[in-house]
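The residues making up each chain are set out below.
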Number of protein chains: 2
Amino acid sequence: MNIETAASQMEALGKPKRLDIYRALIRAGKEGLSVGALQDKLGIPGSTLSHHLKTLMIADLITQERQATTLICRANYTSVQQLVDYLVCECCIDSSQDNADCEIDASLTCS
Amino acid sequence: MNIETAASQMEALGKPKRLDIYRALIRAGKEGLSVGALQDKLGIPGSTLSHHLKTLMIADLITQERQATTLICRANYTSVQQLVDYLVCECCIDSSQDNADCEIDASLTCS
DNA sequence: ACTTTATTTTGATAATTCTAGAAATATAGT
DNA sequence: ACTATATTTCTAGAATTATCAAAATAAAGT
């Protein structure tokens, strides 16, 4: 992971509509969702949705697989994990203090 | 956490310079870094740096504390954790498949 | 070939954002 | 009050981005 990649991924997730799209795909799991299903679910015009999906694709945050005329979109779980790692996994390494009580907790506690 | 907040935080981290600033603060730990120290370390002009810090502040990703004439900046560890939770913690909930083998791993394995 | 369905590309406009020099402000020491 | 240090605000130009209607493309059924 380099900083340009990480920043472009963050940027891709940095607009409410694209974050919405991405989270819908995270929720959808392995089955994914077609472009049309996303369009119905989120109420975004096709051309706009297509642009946003392209941005997420270029950032390697989602994948697409064609099934006849429909395109199935899926979240790329590996890349988001690497992104999160890049963001927080060097916590406190430049600190001269004792890091034992570093406030950041690397284990996510999903509620 | 709502989608506007999450998106604005992602957007704040979505430019290489700001991500660099943020990661420098993550690495610095509780001690934090002054604006001037960041300027020296990253080679960013003062006015540009100040704008970026303001963006990170508004997004609640960092905090600032004045010590005489210098401003100490620190990463807000709580907010980034909430952000990561928001991003991945609803993984697969809309899936009709068995989620047991969901590919996403909620526990970060920092290497 | 034609039609239908699904999605992307084109193109154009509006809006936002990045950047950094110059000037202004804030704080504290002399 | 004056000076020095640290940081922010002002300003403006360049660059990027978001949006979506309309046209184009892709795939498969009739």
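The following refers to the structure shown. Small disclaimer: the values here were computed from a predicted structure and weren't measured.

**Focus: the interface of chain A and chain B**
Phase 1: On the side of chain B, 46 residues touch chain A, which itself brings 47 residues to the contact.
Phase 2: Carbon and sulfur atoms supply 60% of the area buried between chain A and chain B, which totals about 4,700 Å² over both sides.
Phase 3: Here chain A and chain B share nine salt bridges between them.
Phase 4: A salt bridge links R27 of chain B to E90 of chain A; the nearest nitrogen and oxygen atoms lie 3.2 Å apart.
Phase 5: Run the count over chain A and chain B and you get 19 residue pairs in polar contact (both at pLDDT 80 or more).
Phase 6: Split by residue class, the side of chain A that touches chain B holds 24 nonpolar, eight polar and 15 charged.

**Here we look at the sheet that holds strand β3 (residues 70-75) of chain B**
Within a beta sheet, neighbouring strands are joined by backbone hydrogen bonds and run either parallel or antiparallel to one another.
Residue and element names in this part refer to chain B.
Phase 1: Pairing in this open sheet of three strands is antiparallel, and the strands run β1-β3-β2 from one edge to the other. Because the sheet does not close on itself, it has two edges, and the strands there are β1 (33-34) and β2 (62-67).
Phase 2: Where β2 meets β3, six bridges bridge the pair, whose relative direction is antiparallel. Across the sheet, the residue bridging to T63 is R74, located in β3.

**As for the protein's contact with DNA strand C**
Phase 1: Taken together, 24 residues are adjacent to DNA strand C, and G36 of chain A together with R18, T48, H52 and T69 of chain B come closest.
Phase 2: Taking all atoms of DNA strand C within 4 Å of the protein, the share assigned to sugar and phosphate is 62%.
Phase 3: Side-chain polar atom of R18 of chain B to a phosphate oxygen of DNA strand C: 2.8 Å apart, as the coordinates give it.
Phase 4: Listed by contribution, the elements that provide at least two residues to the surface near DNA strand C are α3 (35-42), α4 (46-58) and β3 (70-75) of chain A together with α2 (16-28) and α4 (46-58) of chain B.
Phase 5: If you tally residues by element for the surface near DNA strand C, the top one is α4 of chain A, at five residues.

Rules of the game
- Residues numbered from 1 in each chain as written.
- Chains lettered and ligands numbered in written order.
- Predicted model: local features only at pLDDT ≥ 70, side-chain atom pairs only at ≥ 80, totals over all residues.
- Heavy atoms only, no water.
- Contact = heavy atoms within 4.5 Å.
- Buried area = accessible area lost by both parts, 1.4 Å probe.
- Salt bridge = Lys/Arg side-chain N within 4 Å of Asp/Glu carboxyl O.
- Polar contact = N/O pair within 3.5 Å; in protein donor to acceptor, adjacent residues only side chain to side chain.
- Nonpolar A, V, L, I, M, F, W, Y, C, P; charged D, E, K, R; others polar.
- Pairing = 2+ DSSP bridges.
- Helix = DSSP H or I, 4+ residues; strand = E, 2+ residues; numbered from the N terminus.
- Near = heavy atom within 4 Å.

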